[in-house]
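For reference, the chains in residue letters:
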Amino acid sequence: MLQSKIAGIGFYVPEKVVTNHDLAKIMDTSDEWIQERTGIVERRYAEKHKETTSTMGAKAAEIAIERAGITPKEVDFIIFATLSPDYYFPGSGVLLQRALGMNGIGALDIRNQCSGFIYGLSIADQFVKTGMYKNVLLVGAEFHSCGLDFTTRGRNVSVIFGDGAGAVVIQPTAEKNKGILSTHLHADGEYAEKLAYINPGSHGGVHLGTEKYGYPEQEFGGIFFTDKMYEDGDYYPNMEGQAVFKLAVTKFPEVINEALAQNGYKASDLDMFVPHQANLRISQLVQRQLGLPDEKVWNNIQKYGNTTAASIPIALCEAWEAGKVKEGDLVCLAAFGSGFTWASSLIRW
Ligand code: UT7
């Protein structure tokens, strides 16, 4: 059977840098609090009305495609992972397809939040292994800054997230013990509301709108957004940070060890570990549990915050560009987040 490998990788982050001090001017927070609890120093925000999730994804994709030695016309399938799409529907995959002139090929959007990139990698891997596609473009991109609560009420969430995009091209390889060795996907819907953006959604009987905003009189049941829901900020993401933290530090090592065991490796065999950039403290705890030295773990949350589906490809790309991921290296990717979902992958570069 064929193996699949990452043949090209790229990332894009918007120019605008927003520091902790900038946020402290508009809400009750401080650089000290944010750095101590999360490690984040600054993050990037996309330019509203000029950039979107798919335009950022397209910039990262162009770099990945060029580095894979192909043209956009040779891509034969798109997978787009995001929780902050351009539109409620259709997905950002078709917008990326249109932007890069790849019309006609399939475009699949996936919604697995922080684990989205690894879930996408797993899908791409299966398509390539079976010989169905030769060049799968996988993009993870987020435009968080247009959906966060920048008042003190939302500070536990808004200080963490940033915007950006990463992309890879997955191709077949005939080389043995090379490329994506395995992927491991998990979820537990028990925790669905612990980190969620639940409005708009059908759970309330309506997707969007209030009578105030012109929604017609209630004809078929259901409830509408009330003024109170707007006042309470019910249309913003919410997170029970400690619940996420607690499970993350258990599930990260578990899913990494699952990947190592399946392939007959130990943590000490790893050349590089690229965790989803959720919180520097989480990454450090996981690093300690695995017994890895600093030079074998790539962290960049300090500069970009948590970019959800984009965080792993951005970090992996930076590590590769810095020469820290080289031909033959054993690389582990792992993620945990909303769903809860968690995942890992082991790659022989
Ligand atoms: O990709 C997965 C995404 N999410 C995560 O990985 C999140 C995992 N969890 C975390 O990273 C941490 O739980 C947070 C960084 C979100 C929060 O840290 P914490 O140590 O768990 O704080 P907490 O939520 O228990 O809140 C402690 C205090 C509260 O004040 P009181 O009630 O003790 O007076 C919060 O209101 O810190 C307050 N607080 C803040 N203070 C200043 C919450 N956010 C902020 C803030 N600035 N930004």
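Our subject in this report is the structure included herewith. The shown structure was predicted, so the numbers you read here are calculated from the model rather than taken from an experiment. (Residues numbered from 1 in each chain as written. Predicted model: local features only at pLDDT ≥ 70, side-chain atom pairs only at ≥ 80, totals over all residues. Heavy atoms only, no water.)

Here's the deal with the overall build of the protein
When you go through the protein residue by residue, the secondary structure sums to eleven helices and 13 strands. On C-alpha atoms alone, the protein measures out to a radius of gyration of 20 Å, which is about the 20 Å that the 2.2 N^0.38 rule sets for 349 residues. Its C-alpha atoms give the protein principal-axis dimensions of roughly 60 × 50 × 40 Å. Each of the 349 residues in the protein was classed as buried or not, and the buried ones make up 54%. Contacts in the protein between residues at least 24 apart in sequence constitute 77% of all its contacts with a sequence separation of at least 6. (Helix = DSSP H or I, 4+ residues; strand = E, 2+ residues; numbered from the N terminus. Rg over C-alpha atoms; globule rule 2.2 N^0.38 Å. Buried < 20%, exposed > 50% of the residue type's maximum accessible area, 1.4 Å probe, protein only. Contact = heavy atoms within 4.5 Å.)

Quick look at the sheet that holds strand β5 (residues 106-110)
What the five strands build is an open sheet, ordered β1-β7-β6-β4-β5; its pairing is mixed. The sheet is open, and its two borders are formed by β1 (3-12) and β5, each paired with just one other strand. Each adjacent strand pair in this sheet contributes to an overall mean axis angle of 20 degrees, direction not counted. In the sheet, strand β6 (residues 136-142) pairs with strand β7 (residues 164-173) via seven bridges, with the strands oriented antiparallel. Its bridge partner being in β7, Ala141 is matched across the sheet by Ala165. Across the sheet, helix α11 (residues 311-321) is in contact with β1 and β7; its angle to β1 comes to roughly 95 degrees. (Pairing = 2+ DSSP bridges. Axes fitted to C-alpha atoms, helices over the stretch in contact; angles between N-to-C directions.)

Re the site of the ligand
Around the ligand, 22 residues are found, and the nearest of them are Thr29, Arg37, Gln242, His276 and Asn279. Contact distances for the ligand include 2.6 Å between a nitrogen atom and a side-chain N or O atom of Thr29. For the ligand, an oxygen atom lies 2.9 Å from a polar atom in the side chain of Asn306. Out of a free accessible area of 940 Å², the ligand has 73% covered by protein chains. Counting atoms within 2 Å of the grid points, the majority share of the ligand lands in the second largest pocket. Breaking the shell around the ligand down by element, the ones donating at least two residues are α2 (31-38), α6 (155-158) and α8 (241-263). Each residue belonging to the shell around the ligand can be placed in one class, and the counts come to eleven nonpolar, eight polar and three charged. When we break the shell around the ligand down by domain, the ones giving at least three residues each are domain 1 (3-173) and domain 2 (179-191 + 239-348). (Near = heavy atom within 4 Å. Polar contact = N/O pair within 3.5 Å; in protein donor to acceptor, adjacent residues only side chain to side chain. Areas by Shrake-Rupley, 256 points an atom, 1.4 Å probe, with all protein chains shown as cover. 1 Å grid on protein atoms, 1.4 Å probe; cavity = no way out; pocket = protein on both sides within 12 Å on 5 of 7 lines; lining within 4 Å. Sits in = over half its atoms within 2 Å of the grid points. Nonpolar A, V, L, I, M, F, W, Y, C, P; charged D, E, K, R; others polar. Domains from an automatic or database assignment.)

With respect to the layout of surface pockets
The volume enclosed by the largest pocket comes to roughly 1200 Å³. Surrounding the largest pocket, 42 residues form its lining, Leu83, Ser84, Pro85, Arg111 and Tyr197 being those nearest its centre. Within the residue set of the lining of the largest pocket, elements represented by two or more residues are β5 and β9 (195-196). Partitioning the lining of the largest pocket into residue classes produces 21 nonpolar, 16 polar and five charged. Counted as a void, the second largest pocket has a volume near 480 Å³. Of all the elements in the fold, those that place two or more residues in the lining of the second largest pocket are α2, α8, α9 (280-290) and β12 (330-337). Per-element accounting of the lining of the second largest pocket gives the leading share, six residues, to α8. Of the residues contributing to the lining of the second largest pocket, the split by class is 13 nonpolar, eight polar and two charged. Split by domain, the residues of the lining of the second largest pocket number at least three in each of domain 1 (3-173) and domain 2 (179-191 + 239-348). (Points joined across faces, edges and corners; volume = space filled by probe spheres on them.)

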